[in-house]
Amino acid sequence: AASMRERWNWVFPVVFSPANGQTLYAGSQHLWRSEDDGQSWEKISPDLTRADPETLGETGGAIRLDQDGPEVYGTIYTIAPSPIDEDLLWVGSDDGLVHLSRNGGKSWENVTPKDLPPHSRISLIDASAHAPGTAYLVAKRYEMGDRAPYVYLTKNFGKNWEKRVRGLAEDDFAHSIEEDPELPGLVYLGTERGVSVSFDEGVSWRSLSLNLPSTPVMGVEVRGDELAIATHGRSFYVLEGLPTLRQLANDGAPSGATLYPPNRAVLSAVTAQLNFFLPEAVDDARGVILDNEGNTVSQLFMRPQLGAGAHTVEWLLRYNGAVMFPGMILEAVPPFVGPEVIPGEYTARISAGGAVMEQAITVVQDPRKATLSLEDLTAQRDLALEVRDAISAANGTVLKIRKLRSEIEEDKVSAEALLTALSAVENRLYQTRNQSPKDKIAYPIQLNDRLSLLYNYLIFGHGAPTQPQRDVFSELQGELAEALAAFQEVMDGEYRQYQAQLTP
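A few points on the structure. None of these values were measured; they are calculated from a predicted model.

Analysis parameters
Residues numbered from 1 in each chain as written. Predicted model: local features only at pLDDT ≥ 70, side-chain atom pairs only at ≥ 80, totals over all residues. Heavy atoms only, no water. Pairing = 2+ DSSP bridges. Helix = DSSP H or I, 4+ residues; strand = E, 2+ residues; numbered from the N terminus. 1 Å grid on protein atoms, 1.4 Å probe; cavity = no way out; pocket = protein on both sides within 12 Å on 5 of 7 lines; lining within 4 Å. Points joined across faces, edges and corners; volume = space filled by probe spheres on them. Nonpolar A, V, L, I, M, F, W, Y, C, P; charged D, E, K, R; others polar. Buried < 20%, exposed > 50% of the residue type's maximum accessible area, 1.4 Å probe, protein only. Patch = residues over 30% accessible without salt bridge, like charges linked within 9 Å, V, L, I, M, F, W, Y side chains within 5 Å. Areas by Shrake-Rupley, 256 points an atom, 1.4 Å probe, with all protein chains shown as cover. Salt bridge = Lys/Arg side-chain N within 4 Å of Asp/Glu carboxyl O. Lys, Arg positive; Asp, Glu negative; His and termini not counted. Charge placed at Lys NZ, Arg CZ, Asp CG, Glu CD. Core = buried A, V, L, I, M, F, W, Y, C linked by side-chain atoms within 4.5 Å. Contact = heavy atoms within 4.5 Å. Polar contact = N/O pair within 3.5 Å; in protein donor to acceptor, adjacent residues only side chain to side chain. Axes fitted to C-alpha atoms, helices over the stretch in contact; angles between N-to-C directions. Parallel < 35°, antiparallel > 145°, perpendicular 65-115°, else oblique. Left-handed = near helix turned anticlockwise from the far one by under 90°.

1. Quick look at the sheet that holds strand β21 (residues 265-266)
Okay, so step 1: Strand order in the open sheet formed by five strands is β21-β29-β28-β23-β24, and the pairing between neighbours is mixed. Only two strands of the sheet have a single neighbouring strand rather than two, namely β21 and β24 (296-299).
Okay, so step 2: Where β21 meets strand β29 (residues 355-364), two bridges bridge the pair, whose relative direction is parallel. By the bridge assignment for β29, A265 is matched with V363.

2. Details of empty space enclosed by the protein
Okay, so step 1: Counted according to the given criterion, the structure contains one cavity of 30 Å³ or more.
Okay, so step 2: For the largest cavity, the calculated volume is near 110 Å³.
Okay, so step 3: As for the largest cavity, its lining consists of 13 residues, of which E340, V341, L377, Q380 and R381 are closest to the centre.
Okay, so step 4: The biggest single contributor to the lining of the largest cavity is helix α2 (residues 374-411), with four residues.
Okay, so step 5: Considered class by class, the residues forming the lining of the largest cavity number eight nonpolar, three polar and two charged.

3. Thoughts on the layout of surface pockets
Okay, so step 1: For the second largest pocket, the calculated volume is near 400 Å³.
Okay, so step 2: In this structure, the second largest pocket is lined by 19 residues; those nearest its centre are T244, N275, A310, H311 and T312.
Okay, so step 3: Sorting the residues of the lining of the second largest pocket by element identifies β19 (236-240), α1 (242-251), β22 (272-278) and β25 (309-315) as the ones contributing at least two each.
Okay, so step 4: Tallied by class, the residues present in the lining of the second largest pocket amount to 12 nonpolar, six polar and one charged.

4. Brief notes about the pairing of strand β10 (residues 135-141)
Okay, so step 1: Judged by how many residues are buried, β10 sits mostly within the fold: seven of seven residues are covered.
Okay, so step 2: The two faces of β10 match: A135, L137, A139 and R141 on one face and Y136, V138 and K140 on the other face are all buried.
Okay, so step 3: The pairing of strand β9 (residues 121-127) with β10 spans six bridges and is antiparallel. Looking at β10, one finds that L124 is bridged to V138.
Okay, so step 4: Following β10, the chain reverses through four residues before pairing antiparallel with strand β11 (residues 146-154); G145 in that reversal takes a positive phi of roughly 85°.

5. Section: a negative patch on the surface
Okay, so step 1: Together, E407, E409, E410 and D411 make up a region of like negative charge exposed at the surface.
Okay, so step 2: With respect to the secondary-structure elements, E407 resides in helix α2.

6. Topic: the sheet that holds strand β7 (residues 98-101)
Backbone-to-backbone hydrogen bonds join strands into a sheet, with any given pair of strands oriented parallel or antiparallel.
Okay, so step 1: Pairing in this open sheet of four strands is antiparallel, and the strands run β5-β6-β7-β8 from one edge to the other. The open sheet is flanked by β5 (76-81) and β8 (109-110), the only strands paired with a single partner.
Okay, so step 2: Where β5 and strand β6 (residues 89-93) come together, five bridges link them in antiparallel fashion. Residue pairing for β6: I76 is matched across the bridge by S93.

7. Comments concerning the nonpolar core
Okay, so step 1: In this structure, V387, L418, L422, L429 and L451 are the most contacted members of the largest nonpolar core, which totals 38 residues.
Okay, so step 2: Sorting the residues of this core by element identifies α2, α3 (416-429), α4 (447-459), α5 (467-492) and α6 (494-502) as the ones contributing at least two each.
Okay, so step 3: A total of 10 residues in this core trace back to one element, the largest contributor, which is α2.
Okay, so step 4: When neighbours within four sequence positions are excluded, V387 is seen to be in contact with L451, L454, Y455, L458 and F473.
Okay, so step 5: Counting 29 residues, the second largest nonpolar core, distinct from the first, contains L306, V313, V341 and A348.

8. With respect to the side chain of R7
Okay, so step 1: In this structure, R7 sits in the segment before β1 (14-16).
Okay, so step 2: Overall, R7 belongs to the buried group, its relative accessible area being 5%.
Okay, so step 3: Of note is the side chain of R7, whose polar atom sits 3.0 Å from the side chain of D47.
Okay, so step 4: A polar atom in the side chain of R7 sits 3.1 Å from the side chain of T49.
Okay, so step 5: When residues no more than four places from it in sequence are discounted, the contact partners of R7 are A1, S28, Q29, D47, T49, A51, L56, V72, Y73, G74 and T75.

9. Quick look at the environment of G252
Okay, so step 1: Its place among the elements puts G252 in the loop between α1 and β20 (258-259).
Okay, so step 2: Its relative accessible area of 31% is what places G252 among the partly exposed residues.
Okay, so step 3: Distance from G252 to F199, taken between C-alpha atoms, is 8.9 Å for residues 53 residues apart in sequence.

10. With respect to the packing of α2 against α5
Okay, so step 1: Packing of α2 against α5 brings their axes to within 11 Å, and their N-to-C directions diverge by 25°. Between α2 and α5, the angle is such that the two are roughly parallel. Remark: the crossing between α2 and α5 carries left-handed chirality. Between α2 and α5, the contacting residues are A379, L383, E386, V387, A390, A393, A394, T397, K400, I401 and L404 on the first element and R470, F473, Q477, L480, L484, F487 and M491 on the second.
Okay, so step 2: Looking at the contact of α2 with α5, its residues break down into 13 nonpolar, two polar and three charged.

Okay, here's the thing in structure tokens:
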């Protein structure tokens, strides 16, 4: 390595400036800057490593030389341009030095923590988005048999560093760190065995791994209301619901029933996670989603009996589905899934043990479908809701018929004419001979199945309804009106006659 003009680690850092989004940095033993998307490069630093001759020998050891770079030492390993001052640059090397420039690379200062052992690898520096002099640093020495975590914080441009490792296992060394861009002092740490969180600038840490397997977390990054992590060998993971952690960091542990602010939801992509806390067990919990006019959009699926502590319920960004009945077999996908809502503001309301908790939910459009207009999405939703309600009317009538039939059988009074009339209406609404979805081959699908097929086309696509879809619904509406009128005729005729038989 000593003979190389530039020493490049095979994972050398390449970083855009978050302050302007244009300037690009890369690190050998020097820091390089490009202002033209990498077409040309300017060296803006001296050697920012120890460049110890004992570490710059031939790579690969005594068995076989290796010119690919994984063992090239004395290199810049992390670059951290400040997100709020584009002239502020932090750099860490794989042999244990930290340098800072406050004038865009014109001059550099060695700001290495005084108690950091020599030749520690500076894995990552996170420049704060809240205060220019604040930065977090993680280093590791496991290759030297030292598996202790090294986590530091400075608030004065590296003049002083404080070690922050309380709550971390003695052998769980750190790989990555990031302060929450919205809330100072809330910090996420990737270690050899998972993820940790601190609510107090790293003074104390606690596990945030939840259901994450024990795995090295090499990268952590906050995007909006989500924490994304990159692991070694176990892919990417995303944790939703960071507003809950932010409120906990701000307010501390709750004393009473609390519904935390939910994440911003994205249609077809990110559901709304509702995290709430109950100080004691309840047996009457329920939840609803309301639109901005106070109308019920959806009931939340949650158990009424809940113990004391933290709970989570998910809203799938859909309205309630259609009324269903037991044993329903359709060719169409059963319509228990409701139409997707449109972008806008909604309210989550959870009632439990006498407490009523509310939080606003913002739902935004999937950026991959940005060409769809709100007008088109509204038209799709409105027709889907009309079809859903028509299905509910058909299925609700089937339920009424079956309840009447059950009551008649219990009364043990002759009612053949009434039962025949009710069955005739039921068979118009639903194919009662269905034993499987493929029975349509022998028995024609009936009204609720035909409505459900149209409904599936409406709720699983995106865009304004077509005119043929509107025409088909108009035709089915007419058939439904006739069937419901026939049911009412039975109730006004045969059913009244049946009731007269029961009168003493």
